[in-house]
Amino acid sequence: MTRDELHDLDESNALDELYGRLRAYEGRTAASGGAGKDHVNEPMIRHWCEAMGDTSAAYPGIAPPTMLQAWTMGGLAGHLGGSARSEAYDELLALLDDAGCGSVVATDCEQEYVRPLRPGDEITFDAVIESVSPRKTTKLGTGYFVTTRMNVRTGEGELAGTHRFRILKYAPARSKAELEREPEPTRERESERAADRPRRPRPVVNRDNAGFWEGVARHRLLIQRCLDCAAPRFPWLPGCGACGSQRWEAVEASGAGAVFSYVVMHHPPFPAFDPPYAVGLIELAEGVRMVCGITGVPYDKVRIGMPVELEFLRVDEELELPVFRGAEA
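Residues numbered from 1 in each chain as written. Predicted model: local features only at pLDDT ≥ 70, side-chain atom pairs only at ≥ 80, totals over all residues. Heavy atoms only, no water.

Engineer: Before we go on, may I ask you to explain the overall build of the protein chain in this structure?
Structural biologist: The number of helices and strands found in the protein chain is 6 helices and 14 strands. By the burial criterion, 35% of the 329 residues in the protein chain qualify as buried. Considering only residue pairs separated by 6 or more positions, the protein chain has 63% of its internal contacts joining residues 24 or more positions apart. When the accessible surface of the protein chain is totalled, it reaches about 18700 Å², and 52% of it is carbon and sulfur. (Helix = DSSP H or I, 4+ residues; strand = E, 2+ residues; numbered from the N terminus. Buried < 20%, exposed > 50% of the residue type's maximum accessible area, 1.4 Å probe, protein only. Contact = heavy atoms within 4.5 Å. Areas by Shrake-Rupley, 256 points an atom, 1.4 Å probe, with all protein chains shown as cover.)

Set out below in structure tokens:
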């Protein structure tokens, strides 16, 4: 064998060994003894529905099913008495970090609703490491998909729903321009520099939202409009939340809007972002809302109601994103 063939064989054997160690965590506890910081309550339900634009008469008599995970969150302070996350889950993540997969991005979640949650319900939860995928190469980089399954229960132990959550732990890929600037890197230097160079997470593009990202590529902000009841909607979904119709068309938004709400991100730090910075919930002139970065004004000058205009921000050679530019009063 040539030296390169021997190197590839050694690398393949090492990856097989790593995957065997990762799979040993499948079925182990990811979280146990978790308890919601608050009972299911009407104020949180009202805030959620207002942010989502959901005016169903069913709420706040019951909680919207998609709030399932919200009742389990510990916030920045964490859960009372410490985190419910297990040592096994921390060990799994550390093993991936040591293997060069130090970046992480949430990819998707699946929820199953067993019974509605009502104001006054107490929430408990536990989770299991359901699966670790074989090594995958994506546009973000190369790594492993880790899936956990959380069971959300009432205080009486009755199952209310399940939340399956999937992340990608990966070593970031290098851009074509970066590779061209350094045409003959060694494999070791390639791996080290890819891990050290922070890049913004890539959006997850699927069959439901592909049209939106195609519009972004052409500098057009596309939203959906129901062909039966004419209700606009964003983010892109296969069906209308107002009437249930699956008939829709894509329409271009004007780009005008206002800050409906916002947060200033200080912590936790994320690679490729420089805190503090403002992230806004922007209400478009068409009546839908979207979460976007706010540019053009310092983070401490952003205000609710501030007019903003759409622009497109290129963050690197491969990624361009819609953002909204504000103007100081």
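On we go from here.
Engineer: Looking at this structure, how should I read the sheet that holds strand E13 (residues 307–314)?
Structural biologist: Sheets are built from strands that pair by backbone hydrogen bonding, the pairs being arranged parallel or antiparallel. Read around the barrel, 5 strands follow the order E10-E11-E12-E14-E13 and close on themselves; strand pairing throughout is mixed. In this sheet, neighbouring strand axes are inclined to one another by 50 degrees on average, regardless of whether the strands run parallel or antiparallel. Two elements, strand E11 (residues 277–284) and strand E12 (residues 289–295), share 5 bridges in a ladder whose sense is antiparallel. Following the sheet pairing, Glu283 is matched in E12 by Arg289. (Pairing = 2+ DSSP bridges. Axes fitted to C-alpha atoms, helices over the stretch in contact; angles between N-to-C directions.)

Engineer: Would you explain the nonpolar core in this entry?
Structural biologist: The nonpolar side chains of soluble globular proteins are, as a tendency, buried together. If you look at the biggest cluster of nonpolar residues, it comprises 34 residues, and the most contacted ones within it are Leu22, Ile45, Trp71, Leu92 and Leu117. Among the secondary structure elements, those contributing two or more residues to this core are helix H1 (3–23), strand E1 (29–35), helix H2 (42–52), helix H3 (87–98), strand E3 (123–132), strand E5 (141–154) and strand E6 (159–172). Among the nonpolar cores identified, the runner-up in size contains 25 residues, and Phe212, Val216, Val259 and Val302 belong to it. (Core = buried A, V, L, I, M, F, W, Y, C linked by side-chain atoms within 4.5 Å.)

Engineer: Help me understand the packing of aromatic side chains in this model?
Structural biologist: What describes a pair of aromatic rings is the distance from one ring centre to the other and the angle between the planes of the rings. Counting across every chain of the model gives 4 aromatic pairs. Considering the side-chain rings of Phe212 and Trp213, the 5.0 Å spacing of their centres and the 80 degrees angle between planes classify their relative orientation as edge-to-face. There is no split in this pair, since Phe212 and Trp213 are both buried. Here Phe273 and Tyr277 contribute two aromatic rings whose centre-to-centre distance is 5.5 Å and whose plane-to-plane angle is 25 degrees, an arrangement assigned as stacked. Relative accessible area serves as the criterion here: at 26%, Phe273 is assigned to the partly exposed category. Here the aromatic cluster, defined as three or more aromatic residues joined through ring pairs, consists of Phe212, Trp213 and Phe234. (Phe/Tyr/Trp six-rings, centres within 6.5 Å; stacked < 30°, edge-to-face > 60°.)

Engineer: Would you take a moment to explain H3 for this structure?
Structural biologist: Here H3 is 12 residues long and its end C-alpha atoms lie 16 Å apart, about the 16 Å a rise of 1.5 Å per residue gives. Taken residue by residue, H3 has Ala88, Tyr89, Leu92, Leu93, Leu95 and Leu96 as its buried positions. Take H3 and look down its axis: the buried residues cluster within an arc of 155 degrees, on one side only. The exposed set on the far side of H3, more than 90 degrees from its buried face, consists of Glu87 and Asp98. Of the residues trailing H3, Gly100 is marked for its positive phi of about 95 degrees. (Expected span 1.5 Å × (residues − 1). Arc of directions from axis to C-beta.)

Engineer: I tried to follow the sheet that holds strand E7 (residues 222–226) on my own but got confused; where do I start?
Structural biologist: The antiparallel open sheet is built from 3 strands, whose spatial order is E8-E7-E9. Edge positions in the sheet fall to strand E8 (232–233) and strand E9 (248–252), since each of these pairs with one other strand and no more.

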